[in-house]
Amino acid sequence: MILEVILSALFFTLLGILYVKGYDIVKRHSPDHLPHFYLIMATIRMLLVATVIGLYVFFTENREDAIRFAIIYIIMYIVMMVVTLKLRH
């Protein structure tokens with residue numbers, strides 16, 4: 001379980017860094033496209049999180065572990081969204 005939490009934290013940290021750096025680049029070169037960038041990145045993050053959760057649930061035999069992982073991942077996703085919005089808006 002510790003390995004899963006560490007890998008999840010790294011995954012969300014990477015997604016957050018990509019969002020912040022991408023936001024800075026779009027803001028510098030084409031600020032009119034910031035709403036489009038935000039919507040595209042939100043969609044990509046949501047799809048990646050749903051894919052990781054789906055794969056974990058599919059390959060895990062223990063139902064309780066799958067539920068626990070999904071809950072932790074969703075909480076981490078919400079925290080990531082709040083942090084990135086606070087940093088850039």
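I will try to describe carefully the structure that is included in this document. What you see is a predicted model, and the numbers here were worked out from it, not measured in a lab. (Residues numbered from 1 in each chain as written. Predicted model: local features only at pLDDT ≥ 70, side-chain atom pairs only at ≥ 80, totals over all residues. Heavy atoms only, no water.)

1. Quick notes on a nonpolar patch on the surface
Put simply, the rule is: Think of a patch as exposed residues, more than 30% relative accessible area, with no salt bridge, where like charges cluster within 9 Å and nonpolar side chains (Val, Leu, Ile, Met, Phe, Trp, Tyr) cluster within 5 Å. In these tables, accessible area is a Shrake-Rupley quantity obtained with a 1.4 Å probe, and a residue counts as shielded only by the protein chains included in the view. By definition, a salt bridge exists where a carboxyl oxygen of Asp or Glu is found within 4 Å of a side-chain nitrogen of Lys or Arg. Helix numbering and strand numbering both begin at the N terminus, where a helix is a DSSP run of H or I of at least 4 residues and a strand a DSSP run of E of at least 2.
Together, Ile67, Ile71, Ile75, Val79, Val83 and Leu87 make up a nonpolar patch on the protein surface, roughly 530 Å² of accessible area in all. Tracing the backbone shows Val83 in helix α3 (residues 63–88).

2. Considerations on the packing of helix α1 (residues 2–29) against helix α2 (residues 34–59)
For any two helices packed against each other, the geometry comes down to the angle between their axes and how far apart the axes lie. Quick note on the threshold: What counts as an axis is a line fitted to C-alpha atoms, over the stretch in contact for a helix, and the angles between N-to-C directions run from 0 to 180 degrees. Should an angle fall under 35 degrees it is called roughly parallel, over 145 degrees roughly antiparallel, and 65 to 115 degrees roughly perpendicular, with every other angle called oblique. Here a crossing is called left-handed whenever its near helix is offset anticlockwise from the far helix by less than a right angle, and right-handed whenever the offset is clockwise. Here a residue-residue contact requires only that any non-hydrogen atoms of the pair lie within 4.5 Å. Ten residues, namely Ala, Val, Leu, Ile, Met, Phe, Trp, Tyr, Cys and Pro, are considered nonpolar, four, namely Asp, Glu, Lys and Arg, are considered charged, and the remaining ones, Gly among them, are considered polar.
In contact at an axis separation of 10 Å, α1 and α2 are set at 165° when each is read in the N-to-C sense. Here α1 lies roughly antiparallel to α2, going by the angle between them. Of the two possible hands of crossing, α1 and α2 adopt the one that is right-handed. Residue-level contacts link Glu4, Phe11, Phe12, Leu15, Tyr19, Gly22, Tyr23, Val26 and Lys27 of α1 to Leu34, Phe37, Tyr38, Met41, Arg45, Leu48, Val49, Val52 and Tyr56 of α2. Considered class by class, the residues forming the contact of α1 with α2 number 14 nonpolar, 1 polar and 3 charged.

3. Looking at the packing of aromatic side chains
Where two aromatic rings form a pair, the distance of their centres and the angle of their planes describe that pair. Rule in force here: Paired rings are identified among Phe, Tyr and Trp, the last through its six-membered ring, by centres lying within 6.5 Å, and are further divided according to the angle between planes into stacked (under 30 degrees), edge-to-face (over 60) and tilted (the rest). Think of it in three bands: with a 1.4 Å probe and only protein chains considered, a residue is buried below 20% of the maximum accessible area for its type, exposed above 50%, and partly exposed in between. Remark: a charge is flagged as sitting over a ring if the NZ atom of Lys or the CZ atom of Arg is within 6 Å of the ring centre and within 35 degrees of the ring normal.
Tallying each qualifying case throughout the model produces 9 aromatic pairs. Residues Phe11 and Tyr73 carry aromatic rings whose centres are separated by 5.9 Å and whose planes lie at 25° to one another, so their mutual orientation is stacked. Pair noted here: Phe11 is in helix α1 and Tyr73 is in helix α3, with a separation of 62 residues, a long-range link. Note on Tyr73: relative accessible area 3%, which makes it buried. Consider the rings of Phe12 and Tyr73, whose centres lie 4.9 Å apart with planes at 55°: the pair is tilted. With Phe12 in helix α1 and Tyr73 in helix α3, this residue pair connects regions lying 61 residues apart in the sequence. In this structure an aromatic cluster arises from ring pairing among Phe11, Phe12, Tyr56, Phe69 and Tyr73. Looking at Arg45, its charged tip hangs above the ring of Tyr19, at a distance of 4.6 Å from the centre.

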